[in-house]
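Residue-level structural notes
So you can see what is in the structure, the chains are spelled out below.
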Amino acid sequence: MSTPDADGFLAEQLLRLTRRLQRIQKRQLEPVGITPAQSRLLRTLVHYETPPRMADLAQRLEVVPRAVTSTVDGLEAGDLVRRVPDPTNRRVIRIELTEKGRAALRELRSARRAAAEEILAPLDAEQRAQLTVLLNALYETPRTPEC
């Protein structure tokens, strides 16, 4: 008699939930006119005290610099960010939010809340609290080096 692979099933459920959340978020972002990658970059920009370099963004986002360049190009075309010269090193270009970018971030926050509410709607307050504890435990687990 074979036993079901409970951990494998749980992992699959988590992956399915992640994909569902991404689909919902993408649908919520459509009216804003921003892709999920652009949304992530905009949300990352607000964590810097001074405008970051593209290399800084690539490192924080854990992507290759070329991916940041393409994403910044799209955001710049929409007047959501702008490239500005570094005041101390003219060879360095930094990325800063525009006012339109700040407004888009406010819309993004609202879209993300709506997506989260759609996913969490079946859970009551106690279940949401339990889920928070469990997700924090998974998130805070030390990463193992990649092989």
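In this report, we go over the structure that sits alongside the text. None of these values were measured; they are calculated from a predicted model.

Structural notes on the nonpolar core
Leu41, Leu42, Leu45, Val68, Val72, Val81 and Ile95 are the most contacted members of the largest nonpolar core, which has 20 residues in total. Residue assignment for this core shows that the elements contributing at least two residues are α2 (36-45), α3 (54-61), α4 (65-77), β2 (93-97) and α5 (99-120). Look past the residues within four positions of valine 68 in its chain and what remains in contact with it is Leu41, Met54, Leu57, Ala58, Leu61 and Val63.

As for the packing of α3 against α4
Packing of α3 against α4 leaves a shortest axis separation of 8 Å and a crossing angle of 110°. Considering their axes alone, α3 and α4 lie roughly perpendicular with respect to each other. Classified by chirality, the crossing of α4 by α3 is right-handed. Facing Met54, Leu57, Ala58 and Leu61 of α3, the residues of α4 in contact are Pro65, Val68, Thr69 and Val72. Along the lines of polarity and charge, the residues of the contact of α3 with α4 split into seven nonpolar, one polar and no charged.

Remarks on α3
Note on helix geometry: an α-helix contains 3.6 residues per turn, so any two residues three or four positions apart are oriented the same way. Among the residues of α3, those classed as buried are Met54, Asp56, Leu57, Ala58 and Leu61. Two residues or fewer after α3 comes glutamate 62, characterised by a positive phi angle close to 60°.

Quick notes on a nonpolar patch on the surface
A contiguous nonpolar surface patch, about 370 Å² in accessible area, is contributed by Leu10, Leu14, Leu135 and Leu138. When residues of the nonpolar patch are traced back to their parent elements, those giving at least two are α1 (6-29) and α6 (125-139). The residue leucine 10 is located in helix α1 in this model.

Cut-offs and rules
- Residues numbered from 1 in each chain as written.
- Predicted model: local features only at pLDDT ≥ 70, side-chain atom pairs only at ≥ 80, totals over all residues.
- Heavy atoms only, no water.
- Core = buried A, V, L, I, M, F, W, Y, C linked by side-chain atoms within 4.5 Å.
- Buried < 20%, exposed > 50% of the residue type's maximum accessible area, 1.4 Å probe, protein only.
- Helix = DSSP H or I, 4+ residues; strand = E, 2+ residues; numbered from the N terminus.
- Contact = heavy atoms within 4.5 Å.
- Axes fitted to C-alpha atoms, helices over the stretch in contact; angles between N-to-C directions.
- Parallel < 35°, antiparallel > 145°, perpendicular 65-115°, else oblique.
- Left-handed = near helix turned anticlockwise from the far one by under 90°.
- Nonpolar A, V, L, I, M, F, W, Y, C, P; charged D, E, K, R; others polar.
- Patch = residues over 30% accessible without salt bridge, like charges linked within 9 Å, V, L, I, M, F, W, Y side chains within 5 Å.
- Areas by Shrake-Rupley, 256 points an atom, 1.4 Å probe, with all protein chains shown as cover.
- Salt bridge = Lys/Arg side-chain N within 4 Å of Asp/Glu carboxyl O.

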